[in-house]
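Chain residues, written in single-letter form:
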Amino acid sequence: MTIRTIPTDAFTQQLVRIDQLIATGKLPQAGKLLNTTHRRDPHDPRPLLLGAKLARAANNPQGELQAVQRAVALSPEWPVSVMELAFVLSRQQQHTEALEQARKAVALAPDDLEVLSRAIAVANAASNAEQALEWARTALALVPEDRMTLPGAQLLRYEVAQQLVRTGQHAQAQPLFARLLEELPDSPGAHQGALACAAALGDTGLHRQHADALLALEPDNPRYQYQRAIAYGETPATQPEEIVANLFDGYAGRFDLHLVRGLKYRVPELVAQRLLELYPDRKFNLLDLGCGTGLLAIFLGPIEGHIIGVDLSEKMLEQAARTRLYSRLHHVNVLDALRETPSDHYEAIACNDVLIYVGDLGEVIPNAWRILKPGGHFIFSCETAAEDEADLVLRSASNRYAHKASHVEQLCRQAGFDDIRIEHLEQLRMEGGQPLPGFVVVAHKSTGHAGLAAA
Ligand SMILES: C[S@@+](CC[C@H](N)C(=O)[O-])C[C@H]1O[C@@H](n2cnc3c(N)ncnc32)[C@H](O)[C@@H]1O
C-alpha cells in the first residue's frame, strides 16, 4: 500500500509508525496500536490495509484477505485498496479474481503509472500475457516522448517487448529490443529478448550475435554457454539446472491452472490410470521424478506405500508438499537422484513431462532399471521427435527436448527392460493452439536380473 500521498496529520503519522513496527517484526506492538487507531476512525480503510499487512507478516493469509476485503468495502472507489485486494488475491493464487480487481483499479485510475505497473504484475502472475501487454502499452502511452530514455520508461518498453515475445509477436518485439540495446548495449535482459526473437524468426546470424554477446558478458554462466551451443546448432546433453529452476520457480503458482485447464495437459492423469491398472491393490512405492506440484499424486490418491518426489524447483516442491501425499520431497536433480538411489528400491518410477528438460537418456534409463525392484515399472513421457530426425532433438522454439520413440525403446531394451509398451498420444497438451504429440512409455523390469544396467 502507499500512504505517502496522504497528508501527514497525526493519524497518518500513527499509521506510518505501525507500518514501521510491522516492517521491523514488532507485530504485537503493531497489533495493539492498530486496534486503537482503527477504533478511532473505523471508516478509514488505511488501518485495515495495515491490518492486512500485519496478518501477512504473521503468516495469516485468511486474515490478510479479510482485512483487505473490508478495506475495499469501506472505499470501493479508492484504487489503492482495490489494487491491494488484487495483489493479495494474486499472491493467494486466485488469479481470475485478482485480474478482475486489477481491472477495476485500472478503471478507477487509468492514468496512474503505479496502479498500471501493479496491474501488469498481477497479469504476469496469472500468465495472462495479452492483458499484461495491454496494460504495459497503456502505461507506455502515458510517458512523454522526451522521457522515453529514462529508466522507468525503458523498463516499460522492455515489458512491452517481453509481452510481445510471450504472445508470439516476435517481429514486433525485435525492433523494441534493438532500440533498448542501442541505449543499453550490455543489458542481458535485452540481449535475451533479442536472442529469443532471432531464434523464433530463424535469423541465425542475429541469434549467434546475441548468444556471443551474452557469453562475452559472463563467460562462466551455464545458461549462456547452453544458449550459445544451441545458436551454433549443437544439442547440449541436458539443460542447466538454473534454467529449469528459474523457469519453474516462476511458474509454480499458476502451473496447475495454466497447464491442466489452459493447455489441457493430461499426462499425470493417464499415468495415474496406468499405475492403478498395474497395481490395483494400490500397494507400491513410487518415485516421482520431477514431481512438480504433485499432480500425479493427486490423480493417484492415497496408496499403501510411499510416494517420494524429487524436483529442481523449490517452489514446485512447496506446492507438492501442500498435497500431503508425498512421504518425502527432495530438492535434487533427477540425474543425481537416480545415481544416488540404492538398487532394487521401488516398485514404480514415474517421470512425467520432465525428460523434455533432462535431454539425454543414456544414464536415466539404465539407472531407473537398476533402482527398480524386479517386476517394477518405469513410466515416463516424452515429446515426439520424428523417426527421420536425430535421436535427441532440442526444439529451439520451445527450448525443450524431443525424443525418437524407436531410440527410447532401444535404450530400454539395452538397459534390461523386457516388456516395453509405447503409447503414442496425438496430444500431450496444447502448444500455441495446436496439439503437441508425444508418447508414454511403460517399461517393465523382469523378475530375473538380466539387464546391462549401469552399476
Ligand atoms: C512440466 S513440469 C511436470 C511436473 C509433473 N511431473 C507433472 O507432470 O505435473 C516439469 C518439472 O520437472 C522439473 N525438472 C525438470 N528438469 C529436472 C531435473 N533435471 N531434475 C529435477 N527436476 C527437474 C521441473 O522443475 C518441473 O517441476
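Residues numbered from 1 in each chain as written. Predicted model: local features only at pLDDT ≥ 70, side-chain atom pairs only at ≥ 80, totals over all residues.

## Side note on the site of the ligand
Residues in contact with the ligand amount to 21 residues; listed here are only the nearest, Gly290, Gly292, Ser313, Asn352 and Tyr357. Class assignment for the residues of the shell around the ligand results in 14 nonpolar, five polar and two charged. (Near = placed C-beta within 6 Å. Nonpolar A, V, L, I, M, F, W, Y, C, P; charged D, E, K, R; others polar.)

## Some details on the domain arrangement of the protein chain
When cut into domains, the protein chain gives domain 1 (10-146), domain 2 (164-234) and domain 3 (246-445). The straight-line distance from the C-alpha centre of domain 1 to that of domain 2 is 36 Å. (Domains from an automatic or database assignment.)

## Focus: the packing of helix α6 (residues 95-108) against helix α7 (residues 113-125)
In the contact formed by α6 and α7, the axes pass within 9 Å of each other and the chain directions differ by 160 degrees. One element, α6, and the other, α7, form an angle in the roughly antiparallel class. Where α6 crosses over α7, the handedness of that crossing is left-handed. Judged by residue contacts, His95, Ala98, Leu99, Ala102, Ala105 and Val106 of α6 engage Val115, Leu116, Ala119, Val122, Ala123 and Ala125 from α7. Across the contact of α6 with α7, the residue classes break down as eleven nonpolar, one polar and no charged. (Axes fitted to C-alpha atoms, helices over the stretch in contact; angles between N-to-C directions. Helix = DSSP H or I, 4+ residues; strand = E, 2+ residues; numbered from the N terminus. Parallel < 35°, antiparallel > 145°, perpendicular 65-115°, else oblique. Left-handed = near helix turned anticlockwise from the far one by under 90°. Contact = placed C-beta atoms within 7 Å.)

## Observations concerning the pairing of strand β8 (residues 417-431)
Here eleven bridges tie β8 to strand β9 (residues 434-445), and the two strands are oriented antiparallel to one another. Across the sheet, the residue bridging to Glu423 is Val440, located in β9. In this structure, the hairpin formed by β8 and β9 is closed by a connection of two residues, where Gly432 is found at a positive phi of approximately 55 degrees. (Pairing = 2+ DSSP bridges.)

## A closer look at the pairing of strand β5 (residues 372-385)
By the criterion of burial, β5 is predominantly enclosed, with ten of the 14 residues buried. With five bridges connecting them, strand β4 (residues 346-351) and β5 associate as parallel partners. Bridge pairing in β5 links Cys351 to Phe380. Direction of pairing for β5 relative to strand β7 (residues 400-404): parallel, over a ladder of two bridges. Bridging from a neighbouring strand, Ala385 pairs with Lys404 of β7. (Buried ≥ 20, exposed ≤ 12 C-beta atoms within 10 Å, placed from the backbone.)

## A closer look at α6
For α6, built from 14 residues, the straight-helix expectation of 20 Å at 1.5 Å per residue is met to within 8% by its first-to-last C-alpha distance of 20 Å. Of the positions making up α6, those classed as buried are His95, Ala98, Leu99, Gln101, Ala102, Ala105 and Val106. Buried residues of α6 fall within an arc of 165 degrees about the axis and therefore sit on the same side. For α6, exposure combined with an orientation more than 90 degrees from the buried face picks out Thr96 and Ala107. Buried residues in α6 make contact with α5 (79-91), α7, α8 (129-141) and α15 (255-262). (Expected span 1.5 Å × (residues − 1). Arc of directions from axis to C-beta.)

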